[in-house]
Every structure is written in C-alpha cells, then in structure tokens.
Amino acid sequence: MAEIGNGHPVLAFSGHEDVVDAVGDWNTEPFQLTGKYGKLYGRGTCDMKSGVAAMIIAMIELKQSEMPFKGTNCLQNLLCS
C-alpha cells in the first residue's frame, strides 16, 4: 500500500494481481491469443495487471507534480494465488 497526503477525504485506488488458472474449462489454448466472435481469448486478456500499473504511474505522477490537494490518496494492491 502507498499513501500520499493525510486526512479526509480518502481516495483509494484498488487493484488485484491474481491470474486465471491455465487448466480447466478453456475452449482455446490459454497461452495463445485467439480472436473469436469479436472477442479476445487467452491468459491475461481480462486481468488487471495493466490497470495496477496505470494506478502506480498515476500515484507517482501525482507525487511528482507537488499539486496541493486535501485528504489522502492511497493505492491498495491485492496479491492472490
């Protein structure tokens, strides 16, 4: 978790880094990106890793901007297995 500022209000960015298991009910090869019926299939096509990276960059940019704001901005990242 990372925090910038203090007090209220609190703005929390929340994300997770779990992955979809490569075994199970796959109708396509999980390690090969497959386009089918206008959708993309494959491991990683619906996870949140890029969203978590974007939140981290946003927090870095906010800190470096030294823009004054009231309250606390925090980033919470959930690691699941």
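Quick notes on the rules
Residues numbered from 1 in each chain as written. Predicted model: local features only at pLDDT ≥ 70, side-chain atom pairs only at ≥ 80, totals over all residues. Heavy atoms only, no water. Helix = DSSP H or I, 4+ residues; strand = E, 2+ residues; numbered from the N terminus. Buried < 20%, exposed > 50% of the residue type's maximum accessible area, 1.4 Å probe, protein only. Contact = heavy atoms within 4.5 Å.

A. Examining the environment of K36 more closely. Examined against the element boundaries, K36 turns out to sit in strand 3 (residues 34–36). Given a relative accessible area of 31%, K36 falls into the partly exposed group. Here the alpha-carbon distance between K36 and A2, two residues 34 residues apart in the chain, equals 39 Å. When residues no more than four places from it in sequence are discounted, the contact partners of K36 are N27, T28 and Y41.

B. How the structure looks around unusual backbone geometry. For the bond running from H8 to P9, omega is 0 degrees, close enough to zero to count as cis. Tracing the sequence through the fold places P9 in the loop between strand 1 (2–6) and strand 2 (10–16). Although it is not a glycine, Y37 adopts a positive phi angle of roughly 55 degrees. Secondary-structure assignment places Y37 in the loop between strand 3 and strand 4 (39–41). Of note in this structure, E66 is not a glycine but carries a positive phi near 55 degrees.

C. Spotlight on the side chain of N73. Inspection of the secondary structure puts N73 in strand 5 (residues 71–78). Sequence-distant contacts of N73, that is, excluding residues within four places in its chain, are made with A2, E3, I4, L11, M59 and L62.

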